[in-house]
Amino acid sequence: MDFWSRIIGGSRSLSTKSFRATTPTERLTSFKRTCNTLQQIWRSSNSSSGEQSATANARNCIDRLISVLSDESRGPAPHPCLAYASSSQIFVTVTKLALSSYDDGMLRSATVFFNTLIDSEVDGVVDNRLFARALVDLVRRADKQSEDVEGRLVELLFGVANNIRLQPNILPAWFAPRSDEQVREQQITNGAEFAGAMRKDDFPLFYLLVEYVHHAGRAGDFARTGLLYLIETASRSKNLERWLIESDLATLMATGLGALYSQLGSLTFPENTDENIPHIVALSDHANQETALPPLLGPSMDSFMSYLLFWQDTIDHCKSAEVNGSLLDHFQVLFLEQLLYPSLLESSDVEGGSTAAVLTYLYRILESVNQEDLVHRILHFLLASPSDSEPVTIDMSASRRKSLDVLAAFSEEAARPSPSLFNLRDLTLLGLQSANRQTTLATLRLMTVVLQRHHSFARSLVRTVPGQYAKQRTVGALNVELQGLLGMATSIVDDPTLNDSYDNYLKDGLAILESRLCMALSEDNPEDHLPLELRQDDPIVHELLHRLGNFFTNSVVVNLALTEVLGSIVASHLISLDGWLLVDPAKYVYTAEETDASNLLDQIKHAYEEPTWDQADTPALKLTLQKLVQKIQTWRQEIPDFDILVAARRDLLHQDDEPAQTPNRSQRGSQPPTRSPSQRPTPRVESEYGSPTPRGRPSGRPFDRATASPSPTRNSSRDFPSAQDLPFRPPRETSVARKNAADELRRRLEQPFAVNHPLTPGETTTVTTDNLNEPTPTEPTSAEGGSSDTAQTLALTPASEGVPTPDEPPTNSAVLDEEDDQQEATLGHVLTNVILLYEFLLELAAIVQARGTLFEEAGYPGLGIAPAAAPVEIE
C-alpha cells in the first residue's frame, strides 16, 4: 500500500491507516467517505477552469477507491464496497470529473476504476444501463491524444464485450434496438433506405469498437477482438442477429477494407547488396536487377492485410449463417466487384504500370486468407466460375432478403464490367506473355498460390478436358517413364549423392500429395475430385511451355517461379499427367506376344513389361524438357571441360547447405551409389504390395534454402568459382599462377554464350549410360527394333520418345517451334540454370513416382492392386 501512499502524497483527509481497514464495516465507512469527497469536489469545482488542485485531489480519491475495491474483490464475500459503488452510481461522478479535467493522469485513473468494476463481476454494474452510459460517454468524449490513454479506453470496451460474450443476459443494458415502427418513422423522416443506415443509438458500444478496428497497436487489437466477441454473440440473440443484418456493420467493414486497399501504392524493391541477394541469384546475370529480391510492400499493405485477416476471423467466429451471409454479400459487391476487380481490369503493364502491383496484392491476399467462404467468393468471382456462390433465397429472413435487394440495385447502378468478359485467367495469360519481368514474376507467384493453397480451383485456372479422366498405367510403364525423367537428370550432372537427393524429393512429394488425400470428397459427385486430362491447346499451358523453352536465358528468379508452377500442376490431384508429362496409357505399344488373360502369371508379366510409344505421342512437357537436355549435350560436345564447369557451379550453389550426415549403409535407398560414374541409376517401383512408405518431414527443395539465405559478401558484385572451388585439386602452383587461373575463369564465365545454337541438320543427340561425357550422333532407330542398349539409353531420339529431328517441326501442337531469339546470357548464368534444370527433373520424377502409388495411377490392371509408395530403388 506504500505505492498508493506515495501517489496520494500528503493528503490530510486520507490516512494510510484507513487503507488497511480490517473489517467490512470499517472498509465500507472509509469507502463512503471517499465517495462523498469526490461528490463534493465535483459540486464545488469549476469544470471550465480545471483547477490543478481539484484535479489532483480527485485523482487521489479515485486511486483510493481503486485500492479498496481491488482489496475487497480479492477477499471473500461479503463485498459491501462493490455493492455501494453500484448503488451510489459513483461511476457517473468519476466520468464527469475525468471529462472535465482534461488531464491524462485523471483519465488513466478513471479507466482503471472502470476496469476494476468490470472485473469484479458484481451484480448491478456491467448489467446497469447507467453504468453503460457512463462508460460510453467516457470513451466517446475523452481527449485521446495520448496513445496510452486511447489503448486503455478501448480496453474498457473490450472488457464489456468479453462480459457480454460470457453472459449474454447482460446485453440489454448495452443494446436497445428500436421497434420496426420507429425505424419506419425515421426512414420516412430522413428518406433513408433499408441497408446501411447508421443506428448508433441502438448499440453505441458496437460503433465505438468499429471506430478503432482500423487502428494499429493495442487499441486496434482490443477493438477487433471485442467486435468479434459481439458478432459471436449474435448466434444466441435473435434481436442482435437481426440488428447486425439491418445495420451498417457489413457496409462499414467492406468500405473500410476498400479504403485500405485504395491506399496501396506501387511496388518498391530493396537495395541489392551482397548481404541480401540469395546465393543462387548472385550466381546469375540478374543479381543487380530490382526483381532479384521480393518487393517491399510497406506499412499500408500491413494495415490492409491486418484488416483482411480480421474479416477472416469475423467469418470464423460468427456462428450465425444469416450474419455471415450478409457480410460475404457486402464483401463481394462492395470490395470484389466495385474495387478489386476494376483495379485488375484497369491496370497497365507499361513501364512503371500497376499490373505487377495489383497481381502482387492479389497474390498476398490469397496467400494469407484460408477461410473457405472468403476464398470461395474471391476466386469464384474473379475466375468467372459457374455461379454456385450466389446466396440461396429459400428459408432466408426478410432482413437478409432486403439487404440482398439493395446490394443488387447498387451493383446494377455501378454498371461495372463482368468477369465473364475478362477474368483472372485472361489476366494470367497476359501476365505470362508480358515482357515486364515484374509482371511475369507476379503472375507466376499468383498461379503458384492458387495451385498450392487453393488447389480446388486448379481446373478453373488451367483448363482440363471434361470427361477425360486419368487412366491407370502398368508398373512397367511407370518404370520406363521414371527412367526417362531420371535419365535426363543424370545425363546433366554426375551426382554421387543422387540417392539422398532423390529420397528427399520423394519424401517432399509424398507429403504434398498426402495433403491432397485429406480433402473431403463431394458427396454429390465424387468424380469432381478425379484427375482430368490437361487441355493441350490451353493458352496458359502454351505460354508456360514457351517460358520453359527459354529456360537457359530466363532470369533465375523467373525459372524458380516457373518450376514452382509446373511442379504444382504436376502435383495437383485434379489434373492428370497423361498426354502432358507422361504418355497416355492408351498409346503404349507392347510386344506382340499374346498372353492368357486368365493366367495370373501372364498378367503379372504383362504388368512389368516396359512399353514403347510412337514419336507423335510424346507429351508436350517432356518434349520441351528433352529439347533443353539436347542443348546441354550439344554444349558438352563443343566445350571440352563442360562437365567440370557444371560440377563446379553445383558445388558453389550448394556450398551454404548443411553438411550431409554419413548415411547408414544398412538402410536401403539412403547410401550413395558405389558404381562407376558411367553407370546410370534407374528408378523402380517396388514390386512388393504393401511395402513401407518413408516418413519424416523432408528438408524441401535444395534451392529453397539457397533462395532464402543471402550470399556471403564477396569482392565483386557477382560470384564466380575460383580454382579452389573446382571439384578437384589442381597441382601446386605459385600464387600468381593461381590468381591468373581464377581471373581467366572469371572472364570466361562472364563471356556471352550462344544459347540458341542449333544442332547440325539431321543430327540427334543420344545420351547413353555407358559414356555420358562423350555423346555421339546416332542414326534414328525404329520404334519396334531399337538399339541393343535401349534399356540403358536416355530416350532422346525419335525412335523411343518421339523427339523430332532439328529440321522437322514438333508434332505436338501445344509446343512452340524452336525459336532463334539469340537472347544474351553469360556462360556462368547458363551453368546456374543447368543445375536448376537438373534439380527440377529430380523433383518431377519424385512426384510422378509418388502419384503412381498414392493416387493409384500405376499398378496391375485387372488384378485390382497398386504398388505401395516406396523409396526409389537405384540399380
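Parameters and conventions
Residues numbered from 1 in each chain as written. Predicted model: local features only at pLDDT ≥ 70, side-chain atom pairs only at ≥ 80, totals over all residues. Heavy atoms only, no water. UniProt positions renumbered as here; feature names shortened; annotations may be inferred. Helix = DSSP H or I, 4+ residues; strand = E, 2+ residues; numbered from the N terminus. Buried < 20%, exposed > 50% of the residue type's maximum accessible area, 1.4 Å probe, protein only. Contact = heavy atoms within 4.5 Å. Areas by Shrake-Rupley, 256 points an atom, 1.4 Å probe, with all protein chains shown as cover. Patch = residues over 30% accessible without salt bridge, like charges linked within 9 Å, V, L, I, M, F, W, Y side chains within 5 Å. Salt bridge = Lys/Arg side-chain N within 4 Å of Asp/Glu carboxyl O. Lys, Arg positive; Asp, Glu negative; His and termini not counted. Charge placed at Lys NZ, Arg CZ, Asp CG, Glu CD.

One UniProt comment on the chain, placed under Sequence similarities (unreviewed entry), says "Belongs to the FHIP family."

Novice: Before we go on, may I ask you to explain the overall build of the chain in this structure?
Specialist: A count of helices and strands for the chain gives 32 helices and 6 strands. Taking all 875 residues of the chain together, the buried fraction comes to 53%. In the chain, of all internal contacts separated by at least 6 residues, the share reaching a separation of at least 24 is 81%. About 38900 Å² of surface is accessible on the chain, with carbon and sulfur atoms providing 49% of the total.

Novice: Any chance you could explain a negative patch on the surface here in plain terms?
Specialist: On the surface, D313, D316, E372 and D373 cluster together into a patch of negative charge. Among the secondary structure elements, those contributing two or more residues to the negative patch are α15 (298-317) and α18 (372-382). On the accessibility criterion, D313 (31% relative accessible area) is partly exposed.

Novice: Just to check I follow, could you spell out the pattern of salt bridges for this structure?
Specialist: Oppositely charged side chains may form a pair once their charged atoms are brought near each other. For the structure shown, the criterion picks out 25 salt bridges. For R27, the salt bridge identified is with E72, shortest N-O distance 3.1 Å. Residue R27 is located in helix α2 (residues 24-44), and its partner E72 is located in helix α3 (residues 52-74); the two are separated by 45 residues in the primary sequence. Overall, R27 belongs to the buried group, its relative accessible area being 17%. Of the residues examined, E72 reaches a relative accessible area of 2% and is grouped as buried. Here E744 and R747 are joined by a salt bridge, their closest N and O atoms 3.0 Å apart.

Novice: What is the right way to look at unusual backbone geometry in this model?
Specialist: The phi angle of most residues is negative, glycine excepted, and most peptide bonds adopt the trans form. Positive phi, close to 55 degrees, is recorded for E121, a residue that is not glycine. With respect to the element layout, E121 can be found in the loop between α6 (104-120) and α7 (129-141). Phi at E856 is positive, roughly 55 degrees, even though this residue is not glycine. Position of E856 among the secondary structure elements: in the loop between α32 (827-854) and β6 (858-859).

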